[in-house]
Protein chains: 2
Amino acid sequence: MLTFRIVLVEPIYSGNVGSVARVMKNFGFEELVLLNPCELDRPAHLMAVHAYDIIENARIEFSLKDALKGSNIIVGMTGLPGKTDNKHFRIPAYSPKQLKEKLAGNSGVVSLVFGREDAGLRNEELEICDLIVNIPTSPIYPSMNLSHAVAIVLYELSDVESGVRYLAQHSDIELLYGHIDEVLDDIEYKEHKEDKTKLMLRRILGRCDLTGREVQTMRGILRRIQWKLKTGEYGKSD
Amino acid sequence: MLTFRIVLVEPIYSGNVGSVARVMKNFGFEELVLLNPCELDRPAHLMAVHAYDIIENARIEFSLKDALKGSNIIVGMTGLPGKTDNKHFRIPAYSPKQLKEKLAGNSGVVSLVFGREDAGLRNEELEICDLIVNIPTSPIYPSMNLSHAVAIVLYELSDVESGVRYLAQHSDIELLYGHIDEVLDDIEYKEHKEDKTKLMLRRILGRCDLTGREVQTMRGILRRIQWKLKTGEYGKSD
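Residues numbered from 1 in each chain as written. Chains lettered and ligands numbered in written order. Predicted model: local features only at pLDDT ≥ 70, side-chain atom pairs only at ≥ 80, totals over all residues. Heavy atoms only, no water.

Undergrad: How should I be thinking about the overall build of chain A in this particular structure?
TA: Helix and strand counts for chain A come out as 10 helices and eight strands. Since a compact globule built from 238 residues should have a radius of gyration of about 18 Å, the 20 Å found for chain A is in line with a globular shape. Across its three principal axes, chain A shows a C-alpha extent of roughly 75 × 40 × 30 Å. A total of 238 residues make up chain A; the buried ones form 50% of that total. Sequence separation of 24 or more characterises 84% of the internal contacts of chain A that already satisfy a separation of 6 or more. (Helix = DSSP H or I, 4+ residues; strand = E, 2+ residues; numbered from the N terminus. Rg over C-alpha atoms; globule rule 2.2 N^0.38 Å. Buried < 20%, exposed > 50% of the residue type's maximum accessible area, 1.4 Å probe, protein only. Contact = heavy atoms within 4.5 Å.)

Shown next as structure tokens:
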């Protein structure tokens, strides 16, 4: 089964939180996590209409890590898709339709992370995400209302078909990323390229829908590389 | 070219009108028609953000007929798809995706008609529509915010491909419908069935994407039937 978690990062307008709750219920989604939200006052009630239970049951967190705990795939929304392949933060950006196609057939917890109304997600927040999604909009006025963006993503995902392919836990993928970073250090990878390359590798692996078994196999390879590097046997047999 | 007109029928909340303007601009749509709208006060400005020009350029009308003038296809949105084939008002209801597929390859003015926030479109308003569209939502809470419904429909239609198949003017289609009604009278069609049958024929022809030439050919056939009925020659040759 695919289950979805909607994560709003520091929403500013409580009316938007209410609107998001309403459209979640319209499309049958339930799990809302609010990271450092504004006060959930009257506009949240007014806009939620018959979906205020979603807000009452929302989990409120104060760190992104806590908000994302237990996720298998973390999807970050951006209104600014990367312009060049050199900007790995937002590249590649999938459309909501492509996201649906990627997720179909899988099983796991998918966190859909939406940024602040005015400033979106910060680079360090996007870095954590496995996939980046952008809604294709007009270049003349690309900035969408938060709840409209949620509406469109949930509309697409409302009939996605789950499968029995169990996605790796995001925390295991993080361990894999950490392990890759270690190996890059071990091989004395060029420092001025290192950060970009690490991010590029995250983006590549993030869009692979890795299963737990695949992550373990890759870590096995990395351990083997490290062992070989440490025992210093490489090249010695010459 | 396909061009789109967004028609809001008696919107109650000016904030919704502003939200609709914003999402129109997000997806590159321009023509807004407001039928008997609420006062377009501060919330309309606030929610439109950088799209208030759409509201300033909106045409305000006081009859649905005027609002729809010049349309080729009229699409009515409903939150309540028909439950049985016996209810021709809302049958068949297409999804936004199916609407896009139907429109692809055509050329003409498509009016997308959205009803009141509380009560939607009235039956007599749905009757005028060529096609009915429903966004598939959860049965637990199907009632969507007006601007969310607009957002989803425009998101789907934002990349529809136009073609060179020129759709008939809706006013010509209305003349065809009137002509069919005449013929049903001429043949003394059973009165208790007449209204349902007329509506069913509208629904059938409404989803055919008729071209102007096709409408004229059908009216030629109807004229020929009427002529034959009037001159009374039918059966006389026996």
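Undergrad: Can you walk me through the state of the cysteines in this structure?
TA: Going through the model one piece at a time under the given rule, you end up with zero disulfides over all chains. A:Cys208 carries a free sulfur, and the closest cysteine sulfur to it, the one in A:Cys129, is 16 Å from it. (Disulfide = S-S within 2.5 Å.)

Undergrad: Whenever I open this one, the pattern of salt bridges confuses me. Can you help?
TA: For side chains of opposite charge, pairing can occur when their charged atoms come near one another. Counted according to the given criterion, the structure contains 30 salt bridges over all chains. Among the ionic pairs, B:Lys102 bridges to B:Asp209, the shortest N-O distance being 3.7 Å. Of this pair, B:Lys102 sits in helix 5 (residues 96-103) while B:Asp209 sits in the loop between helix 9 (191-206) and helix 10 (212-231), and the two are 107 residues apart along the sequence. Connected through shared salt-bridge partners, A:Glu10, A:Arg116, A:Arg122 and A:Glu125 make up one network. (Salt bridge = Lys/Arg side-chain N within 4 Å of Asp/Glu carboxyl O.)

Undergrad: I would appreciate a short explanation of the packing of aromatic side chains in the present structure.
TA: The tally for this structure, following the rule as stated, stands at five aromatic pairs over all chains. Relative to B:Tyr155, the ring of A:Tyr155 has its centre 6.4 Å away and its plane inclined at 90 degrees; by these criteria the two rings are edge-to-face. Taken together, the positions of A:Tyr155 in helix 7 (residues 146-157) and B:Tyr155 in helix 7 (residues 146-157) put the pair across two chains. There is no split in this pair, since A:Tyr155 and B:Tyr155 are both buried. (Phe/Tyr/Trp six-rings, centres within 6.5 Å; stacked < 30°, edge-to-face > 60°.)

Undergrad: Just checking my understanding: could you explain helix 7 of chain A for this structure?
TA: Each full turn of the α-helix corresponds to 3.6 residues, which orients residues three or four apart in the same direction. All names here are of chain A. Taking 1.5 Å per residue, 12 residues should reach 16 Å; helix 7 reaches 17 Å between its end C-alpha atoms and fits that length. Taking burial as the measure, the 12 residues of helix 7 include 12 buried ones, the bulk of the element. Along helix 7, the positions that sit buried rather than exposed are Leu-146, Ser-147, His-148, Ala-149, Val-150, Ala-151, Ile-152, Val-153, Leu-154, Tyr-155, Glu-156 and Leu-157. Here helix 7 starts with a cap whose side-chain oxygen sits 2.7 Å from the backbone nitrogen of Ser-147, and that cap is Asn-145. (Expected span 1.5 Å × (residues − 1). Polar contact = N/O pair within 3.5 Å; in protein donor to acceptor, adjacent residues only side chain to side chain.)

Undergrad: What is the right way to look at the pairing of strand 2 (residues 31-35) of chain A in this model?
TA: All names here are of chain A. Along strand 2, four of the five residues are buried, which leaves the element largely enclosed by surrounding structure. The β-α-β motif built from strand 1 (residues 2-9), the intervening helix 1 (residues 14-26) and the parallel element strand 2 has right-handed crossover chirality. Across three bridges, strand 2 lies against strand 3 (residues 59-61) in parallel orientation. Within strand 3, the position partnered with Leu-34 by the bridge is Ile-60. (Right-handed = clockwise from strand over helix to strand, strands pointing away. Pairing = 2+ DSSP bridges.)

Undergrad: Could you clarify how one ought to interpret the environment of B:Glu39 in this entry?
TA: Residue and element names in this part refer to chain B. Here Glu-39 is to be found in the loop between strand 2 (31-35) and helix 2 (42-48). A relative accessible area of 63% means that Glu-39 is categorised as exposed. The spacing of Glu-39 and Pro-11 is 28 residues in sequence and 9.4 Å in space, taken between C-alpha atoms.

Undergrad: Help me out: how do you make sense of the relation of the copies chain B and chain A in this one?
TA: Note on the chain copies: they are related by a rotation about an axis and a translation along it. Note on the copies: chain B fits chain A at an RMSD of 0.1 Å, the axial shift is 0.0 Å, and the rotation between them is 179 degrees. The two molecules are tied by a two-fold rotation axis, judged by turn and shift. Residue by residue, 100% of the interface of chain B is reproduced at the interface of chain A, so both copies engage with the same surface. (Least-squares fit on C-alpha atoms with pLDDT ≥ 70 in both.)

Undergrad: Looking at this model, I keep getting lost on the nonpolar core. Mind explaining?
TA: In a soluble, globular protein the nonpolar side chains are often hidden away together inside. Counting residues in each nonpolar core, the largest one holds 90 residues, and the members touching the most others are A:Leu112 and B:Leu112. With near-sequence residues (within four places) excluded, B:Leu112 lies in contact with B:Phe4, B:Arg5, B:Ile6, B:Val7, B:Val75, B:Met77, B:Leu99, B:Val153, B:Leu154 and B:Leu157. (Core = buried A, V, L, I, M, F, W, Y, C linked by side-chain atoms within 4.5 Å.)

Undergrad: Help me understand the domain arrangement of chain A in this model?
TA: Interface size is often expressed as the accessible area that is lost when the parts come together. Residue and element names in this part refer to chain A. Looking at the assigned domains, one finds that chain A contains domain 1 (2-166) and domain 2 (170-231). Between the C-alpha centres of domain 1 and domain 2 the distance comes to 27 Å. Facing the 21 residues of domain 1 at the interface are 16 residues of domain 2. Across the domain 1 to domain 2 interface the summed buried area is about 1,600 Å²; carbon plus sulfur atoms make up 46%. Taken together, the connections running from domain 1 to domain 2 amount to two salt bridges. Measuring nitrogen to oxygen at the nearest pair gives 3.7 Å for the salt bridge that ties Arg-165 to Glu-214. Taken together, domain 1 and domain 2 are joined by seven residue pairs in polar contact (both at pLDDT 80 or more). (Domains from an automatic or database assignment. Buried area = accessible area lost by both parts, 1.4 Å probe.)

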